[in-house]
Amino acid sequence: MVKELGRTGVFLPEVGIGTWDYHAGPGPLRRGLQAGAAFIDTAESYGTEGVVGEALKGLRERVFVATKVSPENFRPARLQASVDASLRRLGIETLDLLQLHQPNPAIPIQETMDALASLVDAGKVRFVGVSNFAAAQLKAAQSALRKYPIVSNQVRYNLIDRTIEHGLLQYCQANHITVIAYSPLARGLHRLKDCDPGGILEQLSHGIGKSPAQIALNWCLCKEGVVVIPKGSSEEHILENCASSDWRLTSPQIDFLNGAIQYRHRGHFDALLRRLTPHSLRPVALRALQCLPRGLRRRVT
Ligand code: NAP
């Protein structure tokens, strides 16, 4: 099944392929693209644009290619150079979607958006998206990019992290901004299972003949305007993930999952910490947060 990207008239497969921490070569990606997940996500910082380029050979015309520019490259000259380098590594002439990987408060958004608009004018980028932007940052970014719409926001969303349901999801839906859900399997099924003490995913899986991963992905897809980009390292995982499209959980099944699986909404402090800490220092900051006594941690997050 497909969903419209923003209000562009372009339809994306609702299950794409993520490539962060992907090391399995072009073969599995290629099989996934051929099987219908003709939407692939990478980033200049992942080191996977090259392997995506290899997987795309001979398939370019039917695949939607999304990449991301890192925040340290948001100044116009670096943005331009970064896009040229991504195009070169991917072996293509136009990026279907260029996303700002995360906000960079140190660089005025107007500068970045003017440079992005020039890249669209020049035909190097088809559509502009963002990633990890809060609603207020999205609004500011859209005001700065007057000529073109921001068509997507790539954010974490899965059965056990439903932070975006606190307003960002609704904002995106109301403004026709596609939500590209990253880590839709919570970065590994074991994490989902840890939050499912009653084994509901397994139960439902036996009941409806879909795997736990397919159920977790379909739960995201049941939301209006949400597409998913799970990362699989094997052909088996990628094809299994493709098959989470083309059907829908029923409302009672969704209620069953919502009632049984423990999930979190990240609090303001956690979100602020993520926003203010440079990417490289985040694991340290988050570990420090985990070291706070449980009661205090609950209050601040
Ligand atoms: P994810 O897709 O939620 O989970 C990946 C994990 O799930 C891997 O360990 C994978 O194992 C496993 N898996 C995949 N398919 C499976 C299946 N059918 N059954 C059982 N296990 C399965 O995590 P993610 O990589 O964090 O997120 C996906 C993509 O989102 C990334 O690759 C990246 O493109 C994007 N992303 C973006 C941001 C951002 O800041 N914009 C941040 C994080 C991620 P194998 O590898 O062994 O198959």
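Reading guide: rules and limits
- Residues numbered from 1 in each chain as written.
- Predicted model: local features only at pLDDT ≥ 70, side-chain atom pairs only at ≥ 80, totals over all residues.
- Heavy atoms only, no water.
- Near = heavy atom within 4 Å.
- Polar contact = N/O pair within 3.5 Å; in protein donor to acceptor, adjacent residues only side chain to side chain.
- Areas by Shrake-Rupley, 256 points an atom, 1.4 Å probe, with all protein chains shown as cover.
- Helix = DSSP H or I, 4+ residues; strand = E, 2+ residues; numbered from the N terminus.
- Nonpolar A, V, L, I, M, F, W, Y, C, P; charged D, E, K, R; others polar.
- Axes fitted to C-alpha atoms, helices over the stretch in contact; angles between N-to-C directions.
- Parallel < 35°, antiparallel > 145°, perpendicular 65-115°, else oblique.
- Left-handed = near helix turned anticlockwise from the far one by under 90°.
- Contact = heavy atoms within 4.5 Å.
- Buried < 20%, exposed > 50% of the residue type's maximum accessible area, 1.4 Å probe, protein only.

Q: Whenever I open this one, the site of the ligand confuses me. Can you help?
A: What surrounds the ligand is a group of 27 residues, the closest being Trp 20, Ser 183, Leu 185, Ser 233 and His 237. Ser 183 places a side-chain nitrogen or oxygen 2.8 Å from an oxygen atom of the ligand. A distance of 3.0 Å separates an oxygen atom of the ligand from a polar atom in the backbone of Arg 187. Computed on the free molecule, the ligand has an accessible area of 910 Å², of which 86% lies beneath the protein chains in the complex. For the shell around the ligand, the element with the highest residue contribution is helix 10 (residues 235-242), accounting for 3 residues. Taken together, the residues of the shell around the ligand break down into 10 nonpolar, 12 polar and 5 charged.

Q: Help me out: how do you make sense of the packing of helix 8 (residues 200-208) against helix 11 (residues 251-260) in this one?
A: A pair of packed helices is characterised by two quantities: the angle between their axes and the separation of those axes. Across the interface, helix 8 lies against helix 11 with an axial gap of 10 Å and an inter-helix angle of 165 degrees. Taken together, the axes of helix 8 and helix 11 are roughly antiparallel relative to one another. Between helix 8 and helix 11 the crossing geometry is right-handed. Touching Ile 200, Leu 201, Gln 203, Leu 204 and Ile 208 of helix 8 are Gln 253, Phe 256, Leu 257 and Ala 260, all from helix 11. Looking at the contact of helix 8 with helix 11, its residues break down into 7 nonpolar, 2 polar and no charged.

Q: Mind showing me how you'd approach helix 9 (residues 212-221) here?
A: Residues lying three or four places apart along an α-helix face the same way, a consequence of the helix completing one turn every 3.6 residues. Within helix 9, 10 of the 10 residues are buried, which leaves it mostly tucked inside the rest of the structure. Looking only at helix 9, the buried set comprises Pro 212, Ala 213, Gln 214, Ile 215, Ala 216, Leu 217, Asn 218, Trp 219, Cys 220 and Leu 221. Looking at the buried positions of helix 9, the neighbouring elements they touch are strand 1 (2-4), helix 7 (189-194), helix 8, strand 10 (226-228), helix 10 and helix 11.

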